[in-house]
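Each chain, written out:
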Amino acid sequence: MLILSLNMKLMKTKTIVSILTFLLAISFVNGQELLDILDKEHKDTLRFTEATFKYSRITYGQSVQTRKSGTLDVSANIRFWNTPEERSQSFFVDRLNTRFALEYGISDRLLLGVGGSTFDERFDGFIKYKLIRQGVSSGSPVTVSLFQNASYFSDALPYSSPGRMSSNRLSFTSQILIAKKITSDFSLQIAPTFVHRGLVFNDNDPQNHFAIGFGGRYKLGGHVSLVSEYYYVANPIKSFDTYGPFSLGINWELSDVMLQFMLTNAVSMVEDAFITQTRNNFNFKNPNLNFGFNFTYTIHFKNKLKGKR
Amino acid sequence: MHKFILVIMLSFLSIQKDSGKIIARQGNVSFFSYTPVENIKAENNQVLSIVDLKNNKIAVSILMNAFVFEKALMREHFNESYIESDIYPKATFEGKIIDFDPSMKGVQTRMIKGDFSMHGSNKELEIKAKIEKQNDVFVITGSFEAVVEDYDIKIPPLLRGNIAKIINVDFKFEYEAYEN
């Protein structure tokens, strides 16, 4: 005010006034915007999106997600379905397939897992590595993970069956999982897949399959999300009818427990089997529709606060 | 007359050069939630704070996803389900240190009054803080209580026993001169 009144006294031109107001404005901005200065300081740190999916599987298939280092997931995955017989005695549980699995995060990017299924008697092991992480506002636009599994088909086969030798009972699945967290609520995934089957019962059937998987997650609330997934096989088995596995499910998290409920036509929970050998279509006729349930308990072996100081 | 204008301009410029501000780039903020079911503890060592010594104004900016928890899952749930750090990445505080004398050496205890904004909600806070000056280094330490309900954070009924209604927050900032 003093400056302005002095200025008036001097009766000088408008230019001086405008210069002074400009300078005043600079000093005003300079003094006011402390938070803006801090915002500029923040910008240097590159951040990555978390939780594109909430678990290493969307429903039955793999997601880009690996687990944090030092966490062990103990899970029981169960599928129930009815046989087509009319005089079924049980409600939805004529047959069931259970897969018990252990998955351990070696690092934040590397996940190892082993599992065994009861119904189709497959034992499987896998390794998944998160290659590229999606950045927040800058950095990579997508998350990319590489997945490789091996599964051993241990079911007894007839004496004359060509697959009795154990050397070709191993199947392999390789996937490139590409996912994007589009908004905080919505994630999409696309997964080019290569399957090598160990046992081929008919000479007309291909041993190697190419498939592509699609998956999505929509967050309904803080702890609940809607998930769905589908696989398309480019060169399916010819000797019997197969269908692309489809699922629609709900993920529900309660502190250390993760519950996944789903409706699906995939009986198996091992990649090579559900991608190439799903024999039912997705509809409400028995035995096509399965009710699936994954229960996962997470144990933390590392206290992240320790050793931080 | 022209000299007069020149003097004014120079004085403004000199103010700009000497920022008169101090900044803490590795400030520490930790919080604790004690319940009979479980104790939750988290720590963030990358908190930014700045103080303007001319008008005693203070600002703090906290990146929510930089909090480290004992369990990795807690961190994910904190960011995904409670704080929603995708939508609200930062918590900020903007206020004034009442009766703060930057030239005073040693320890002074002062009230800091201002607005704390987290998860899209604003809350006026009055925090008692200890300010220590050694040479040109200022250290501000203190603690306050945050009521979960004030910040519109939804906790599902099943987990209500796991998270305290009032969270204790501790902070420590070490400031150095800020040059822009």
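Provided above is the structure to which this section pertains.
To start, this report covers the structure provided alongside it. Here the structure is a predicted model, which means the values were calculated and not measured. (Residues numbered from 1 in each chain as written. Chains lettered and ligands numbered in written order. Predicted model: local features only at pLDDT ≥ 70, side-chain atom pairs only at ≥ 80, totals over all residues. Heavy atoms only, no water.)

It is worth spelling out the overall build of chain B at this point. When you go through chain B residue by residue, the secondary structure sums to two helices and nine strands. When the helices and strands of chain B are read in sequence order from the N terminus, they spell out α-β-β-β-β-α-β-β-β-β-β. Within chain B, buried positions represent 50% of all 180 residues. For chain B, the proportion of contacts with a sequence separation of at least 24, taken over those separated by at least 6, is 59%. (Helix = DSSP H or I, 4+ residues; strand = E, 2+ residues; numbered from the N terminus. Buried < 20%, exposed > 50% of the residue type's maximum accessible area, 1.4 Å probe, protein only. Contact = heavy atoms within 4.5 Å.)

A tally of regular secondary structure across chain A gives four helices and twelve strands. Each of the 309 residues in chain A was classed as buried or not, and the buried ones make up 46%. Of all intrachain contacts in chain A linking residues separated by at least 6 positions in sequence, the fraction that spans at least 24 positions is 57%.

A word on the pairing of strand β9 (residues 166–177) of chain B. Residue and element names in this part refer to chain B. Bridging between strand β1 (residues 21–34) and β9 involves seven bridges; their strand directions are antiparallel. In the sheet register, F32 faces β9, and the bridge partner there is N168. As defined by bridge partners, strand β8 (residues 137–147) adjoins β9 across ten bridges and the pair is classed as antiparallel. Within β9, the residue paired with G142 across the bridge is F171. (Pairing = 2+ DSSP bridges.)

On to the packing of aromatic side chains, then. What the rule picks out here adds up to 23 aromatic pairs over all chains. With centroids separated by 6.2 Å and ring planes inclined at 5°, the aromatic side chains of B:F32 and B:Y34 adopt a geometry described as stacked. Here B:Y34 falls in the exposed class, since its relative accessible area comes to 52%. Put simply, the rings of B:F116, B:F144, B:Y151, B:F171, B:F173 and B:Y175 touch in pairs and so form one group of aromatic residues. Its end group placed over the ring of A:F48, A:R133 keeps NZ or CZ at 3.9 Å from the ring centre. For A:R279, the ring lying beneath its charged end belongs to A:F240, and the centroid distance is 3.7 Å. (Phe/Tyr/Trp six-rings, centres within 6.5 Å; stacked < 30°, edge-to-face > 60°. Lys NZ or Arg CZ within 6 Å of the ring centre and 35° of its normal.)

Residues and elements named next belong to chain B. Within the element layout of this structure, N162 appears in the loop between β8 and β9. Note on N162: relative accessible area 13%, which makes it buried. The spacing of N162 and E38 is 124 residues in sequence and 5.7 Å in space, taken between C-alpha atoms. In this structure N162 touches S33, T35, V37, E38 and I40, once residues within four positions along its chain are discounted.

A surface patch of negative charge is lined by A:E33, A:D36, B:E94, B:D115, B:E124 and B:E126. Residue position: A:D36 is located in helix α3 (residues 34–42). (Patch = residues over 30% accessible without salt bridge, like charges linked within 9 Å, V, L, I, M, F, W, Y side chains within 5 Å. Areas by Shrake-Rupley, 256 points an atom, 1.4 Å probe, with all protein chains shown as cover. Salt bridge = Lys/Arg side-chain N within 4 Å of Asp/Glu carboxyl O. Lys, Arg positive; Asp, Glu negative; His and termini not counted. Charge placed at Lys NZ, Arg CZ, Asp CG, Glu CD.)

Taken together, the twelve strands give a closed barrel; going around it, the order is β1-β2-β3-β4-β5-β6-β7-β8-β9-β10-β11-β12 (chain A), and neighbouring strands pair in antiparallel fashion. When the angles between neighbouring strand axes are averaged without regard to direction, this sheet yields 20°. Examined bridge by bridge, strand β4 (residues 122–132) of chain A and strand β5 (residues 143–153) of chain A share ten bridges and lie antiparallel to one another. When the bridges of β5(A) are listed, A:Y129 appears paired with A:L146. In the packing of helix α2 (residues 72–82) of chain B onto the sheet, contacts are made with β1 (71–81), β6 (170–181), β8 (208–219), β10 (246–254) and β12 (290–300) of chain A, and the angle to β12(A) comes to roughly 115°. (Axes fitted to C-alpha atoms, helices over the stretch in contact; angles between N-to-C directions.)

With that settled, the discussion passes to the pattern of salt bridges. Note that side chains of opposite charge can pair when their charged atoms are close. Applying the stated criterion across every chain, the model contains 17 salt bridges over all chains. Close ionic contact of A:K181 with B:E80 constitutes a salt bridge, the shortest N to O distance being 2.7 Å. Pair noted here: A:K181 is in strand β6 and B:E80 is in helix α2, and the two residues belong to different chains. Note on accessibility: A:K181 and B:E80 belong to one class, buried. Shared partners join several salt bridges into a network, and the residues in it are A:K54, A:K181, A:R217, A:K219, A:E253, B:E76, B:E80 and B:D86.

In this section: empty space enclosed by the protein. Residue and element names in this part refer to chain B. All told, the structure shown has six cavities of 30 Å³ or more when counted by the stated rule. The computed volume of the largest cavity comes to approximately 710 Å³. Of all elements in the fold, only β1, β3 (57–63), α2, β5 (90–97), β6 (106–118), β8 and β9 reach the threshold of two or more residues within the lining of the largest cavity. Among the elements that take part in the lining of the largest cavity, α2 stands out by supplying five residues, more than any other. Among the residues forming the lining of the largest cavity, the class breakdown is 34 nonpolar, four polar and two charged. (1 Å grid on protein atoms, 1.4 Å probe; cavity = no way out; pocket = protein on both sides within 12 Å on 5 of 7 lines; lining within 4 Å. Points joined across faces, edges and corners; volume = space filled by probe spheres on them. Nonpolar A, V, L, I, M, F, W, Y, C, P; charged D, E, K, R; others polar.)

A separate point is the pairing of β1(A). Residue and element names in this part refer to chain A. Summarising burial for β1: ten of the eleven residues are buried, a large majority. In the sheet, β1 pairs with β12 via ten bridges, with the strands oriented antiparallel. Of the residues in β12, the one forming a bridge with D73 is T298. Taken together, the ten bridges between β1 and strand β2 (residues 95–105) define a ladder with antiparallel strand orientation. Each bridged residue has a counterpart across the sheet, and for V74 the counterpart in β2 is L102.

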